[in-house]
Amino acid sequence: MHNLLLEGSPGSGKSMIAKRLRHVLPPLTDSELLDIAKLDVLEGREPHFTPLRPFRSPHHSGTSASIFGGGSHRAQIGEVGLAHNGILFFDELPHFSKQVLEALREPLEDKRIRISRVHSKVEYPTDFLFVSAMNPCPCGNLLNEALECRCTDLEIRRYRSRLSDPFLDRIDLYVQMQPVRAEDKPSLTSEAMHDTVLRVHALQRARGQEVLNGRLDDASIDTYCRLDDEGQALLTQAVQRFALSFRAIKKLQKVARTIADIDGSASITSAHLLEALSYRRRT
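As the structure is a computational prediction, the values presented were derived from the model and not from experiment. Per chain, the residues get numbers from 1 upward, laid out in the order the sequence is written. Totals for whole chains, interfaces and linings use all residues, but because this is a predicted model, local features are given only for residues with pLDDT of at least 70 and pairs of side-chain atoms are given and counted only at 80 or more. With hydrogens and water set aside, each side-chain value is computed from the structure's full complement of heavy atoms.

### Points about the packing of aromatic side chains
Two rings from Phe, Tyr or Trp (for Trp, the six-membered ring) form a pair when their centres sit within 6.5 Å of each other. Planes less than 30 degrees apart are called stacked, planes more than 60 degrees apart edge-to-face, and all others tilted. For the structure on display, the rule yields four aromatic pairs. On the basis of an interplanar angle of 35° and a centroid distance of 6.0 Å, the ring pair of phenylalanine 55 and phenylalanine 89 is categorised as tilted. Pair noted here: phenylalanine 55 is in strand β2 (residues 55-56) and phenylalanine 89 is in strand β3 (residues 87-90), with a separation of 34 residues, a long-range link. A simple rule labels every residue: compare its accessible area, found with a 1.4 Å probe on the protein chains alone, to the largest value its type can have, and call it buried under 20%, exposed over 50%, or partly exposed in between. Its relative accessible area of 23% is what places phenylalanine 55 among the partly exposed residues. When the ring of phenylalanine 90 is compared with that of phenylalanine 96, the centres are 4.0 Å apart and the planes differ by 5°; the resulting orientation is stacked. Exposure remark for phenylalanine 96: the relative accessible area of 3% places this residue in the buried category. Ring pairs connect the aromatic residues Phe90, Phe96, Phe130 and Phe167, which therefore count as one cluster. Going along the chain from the N terminus, every DSSP run of H or I of four or more residues is numbered as a helix, and every run of E of two or more is numbered as a strand.

Here it is in structure tokens:
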């Protein structure tokens, strides 16, 4: 449940990965199933009691009311609320309006959204995995070795500047996609990744965690994401070099905890912290 940003040329597999993530995540718990059933009823749909997590992908031309909820008289639920306990996917991220992207900071941070109307004030839970995808430049060919980028430096800067630093600070993992080549072969299936996720999920539960790593609060981070002296020294060096915010430091620790869990390590080593640092976006 670490928020994810995929950047790469068209056809590199960004959208495909996002759509397959719901088959990789751990299944819904009984309480999460009931929460989603309530949201289905609010939207006027028949509840489907399936352990597969919901996947919502609003178009970048969608209005704020359709994404966050609203209405002239009654506060209706939007895509952000319907993605609760599931995945909210923003494709072509920089093409979403500045108003939508900045408003998304609240549900990403607080895991809830408040909608106020004349006759009603409603609060919806928004504990979802945020996944986004974007091209490296307006034409999309900046990272493609076979195609020439047609964008100017000014156009690229304007394109990237649509995403503010406070917004990007809420992204845990930044992955730069490489163009597909003829010799590329699949090395891992969704089923194999799902088995790994289930194993890591069991490890987290065994050590007493009530939530997944990406949802740990500050007190839980101090309990479950402790660093040894070498790791703490590395973290201090990273804070000074990259001017990391308090939020970025906590997210770095949570990502390192997940990497350590995948390795089957009870402690977070400097290698895990270095890998977590490699997933930070570089401007």
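From this point, things continue past the structure.
### Regarding the side chain of glutamine 204
As for its position among the elements, glutamine 204 is in helix α9 (residues 190-206). The contact criterion used throughout is that any non-hydrogen atoms of two residues lie within 4.5 Å. Not counting residues within four places of it along the chain, the set of residues in contact with glutamine 204 comprises Gln209, Val211, Leu212, Asn213 and Asp261.

### Some words on the sheet that holds β2
The rule for pairing is simple: two strands pair if DSSP sees at least two bridges between them. Pairing in this open sheet of five strands is parallel, and the strands run β2-β3-β6-β1-β7 from one edge to the other. Two strands close off the open sheet at either side, each with one partner strand: β2 and β7 (173-176). Note: strand β1 (residues 4-7) against strand β6 (residues 129-134), four bridges, orientation parallel. The residue of β6 that forms the bridge with leucine 5 is serine 132.

### Remarks on the side chain of aspartate 172
Mapped onto the elements, aspartate 172 comes out in the loop between α8 (165-168) and β7. For aspartate 172, a relative accessible area of 8% puts it in the buried group. In protein, a polar contact means a hydrogen-donor-capable atom and an acceptor-capable atom, both N or O and within 3.5 Å, with residues adjacent in sequence counting only if both atoms are side-chain atoms; elsewhere, any N or O pair within 3.5 Å suffices. From its side chain, aspartate 172 meets the backbone nitrogen of asparagine 3 in a polar contact 2.7 Å long. At a separation of 3.1 Å, a polar atom in the side chain of aspartate 172 contacts the side chain of lysine 251. With residues up to four places along the chain from it excluded, the contact list for aspartate 172 reads Met1, His2, Asn3, Lys251, Val255 and Tyr279.

### Comments concerning the nonpolar core
Only buried residues count toward a nonpolar core, which is a set of Ala, Val, Leu, Ile, Met, Phe, Trp, Tyr and Cys residues joined through side-chain atoms within 4.5 Å. Counting residues in hydrophobic clusters, the biggest one holds 34 residues, and the most contacted among them are Val131, Leu252 and Leu273. In terms of residues, this core owes the most to one element, helix α12 (residues 246-262), which gives seven residues. If sequence neighbours within four positions are ignored, valine 131 has contacts with Leu4, Ala18, Leu21, Ile87, Leu88, Phe89 and Phe90. In this structure, Ile77, Ile115, Tyr159 and Ile171 belong to the second largest nonpolar core, which totals 28 residues.

### Things to note about the layout of surface pockets
Once rolled over the atoms, a probe with the size of a water molecule shows which space is left empty. As defined here, a cavity is a set of points on a 1 Å grid over the protein atoms alone where a 1.4 Å probe fits but cannot get out. A pocket is an open set with protein on both sides within 12 Å along at least five of seven lines, and residues line them when an atom is within 4 Å of a point. Grid points are joined across faces, edges and corners, and a volume is the space filled by probe spheres set on the points. Each pocket or cavity is described by its volume, and for the largest pocket that value is around 1,500 Å³. Residue lining of the largest pocket: 41 residues in total, with Leu4, Ile17, Leu21, Val24 and Met193 positioned closest to the centre. For the lining of the largest pocket, the secondary structure elements donating two or more residues are β1, α1 (14-20), β7, α9 and α12. In terms of residue class, the lining of the largest pocket is built from 25 nonpolar, twelve polar and four charged. As a working rule, the residues Ala, Val, Leu, Ile, Met, Phe, Trp, Tyr, Cys and Pro are called nonpolar, Asp, Glu, Lys and Arg charged, and the rest polar, with Gly in that last group.

### Considering unusual backbone geometry
Here the phi dihedral of lysine 111 falls at roughly 60°; this positive angle occurs in a residue that is not glycine. In this fold, lysine 111 is placed in the loop between α6 (105-110) and β4 (112-116). A positive phi is found at alanine 243, a non-glycine position, where the angle reads about 50°. With respect to the helices and strands, the residue alanine 243 is situated in the loop between α11 (229-242) and α12.

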